[in-house]
Structure formats: C-alpha cells, structure tokens
Amino acid sequence: EADELVYVLTGSARLLLELPNGVQAISLHAPGLVVVPRGVWHTAKVSEPSRFLHVTMGTGTQHRKA
C-alpha cells in the first residue's frame, strides 16, 4: 500500500528487490538508507550481525518464504 523505508543502524546486508526486469541487489552498510517502492517484494540477506529500522504502513503487507 505504500513505500517502505529501510535504514541500516549497524552491520551490513544485501537488499534484494524483485523488479519486473529481474532481481536487483543493493549493498547496504551502516549507516545506510533505501526506499523500497510500493508493491516491490524484497528481502535482506544479512552478512553480519545487524540492526535495521523498517518504516512501512503495514496495511496490505504480505509475507512469503525467501
């Protein structure tokens, strides 16, 4: 229903976005920030102990196995 804000407080990860033309990987390192567009499925592959802050509307959010 809305864009999601992902902020890496500590650590690092690869954020995988499933886009119409394929999966896009974004490397995130603390402090790091990315905005995930509304309707784009995404997951994070954490490469070390990390802390994230996710800000999203929540309504309509769907979960699935990575």
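Here's what I pulled together on the structure shown here. Given the structure is predicted, the values throughout are model-derived calculations rather than measurements.

## A short note on the overall build of the chain
- When you go through the chain residue by residue, the secondary structure sums to zero helices and six strands.
- For the chain, the sequential pattern of α-helices and β-strands runs β-β-β-β-β-β.
- Radius of gyration (C-alpha) of the chain: 12 Å, near the 11 Å computed for a compact globule of 66 residues.
- Expressed along its principal axes, the backbone C-alpha trace of the chain runs to roughly 30 × 25 × 20 Å.
- Here the chain holds 66 residues, and 24% of them are scored as buried.
- The long-range share in the chain, meaning contacts at least 24 apart out of those at least 6 apart in sequence, stands at 64%.
- Counting only carbon and sulfur atoms, one obtains 53% of the accessible surface of the chain, whose full area is about 4,800 Å².

## Here's the deal with the pairing of strand β2 (residues 12–19)
- Where β2 meets strand β3 (residues 22–29), eight bridges bridge the pair, whose relative direction is antiparallel. Opposite R14, over in β3, you have S27 as the bridge partner.
- Two successive antiparallel strands, β2 and β3, enclose a turn made up of two residues.

## Observations regarding the sheet that holds strand β6 (residues 51–55)
- If you trace the three strands from one edge of the open sheet to the other, you get β4-β1-β6, paired in antiparallel fashion. Looking at the sheet topology across the chains shown, the edges are occupied by β4 (32–36) and β6. Each adjacent strand pair in this sheet contributes to an overall mean axis angle of 20°, direction not counted.
- Bridge count for strand β1 (residues 4–10) against β6 is five bridges, and the pairing is antiparallel. The residue of β6 that forms the bridge with Y7 is L53.

## Looking at a nonpolar patch on the surface
- A cluster of nonpolar side chains, contributed by L9, L53 and V55, occupies part of the molecular surface with about 230 Å² of accessible area.
- Counting through the fold element by element, L9 comes out in strand β1.
- Since its relative accessible area comes to 38%, L9 is described here as partly exposed.

Each value, and the rule that gives it
- Residues numbered from 1 in each chain as written.
- Predicted model: local features only at pLDDT ≥ 70, side-chain atom pairs only at ≥ 80, totals over all residues.
- Heavy atoms only, no water.
- Helix = DSSP H or I, 4+ residues; strand = E, 2+ residues; numbered from the N terminus.
- Rg over C-alpha atoms; globule rule 2.2 N^0.38 Å.
- Buried < 20%, exposed > 50% of the residue type's maximum accessible area, 1.4 Å probe, protein only.
- Contact = heavy atoms within 4.5 Å.
- Areas by Shrake-Rupley, 256 points an atom, 1.4 Å probe, with all protein chains shown as cover.
- Pairing = 2+ DSSP bridges.
- Axes fitted to C-alpha atoms, helices over the stretch in contact; angles between N-to-C directions.
- Patch = residues over 30% accessible without salt bridge, like charges linked within 9 Å, V, L, I, M, F, W, Y side chains within 5 Å.
- Salt bridge = Lys/Arg side-chain N within 4 Å of Asp/Glu carboxyl O.

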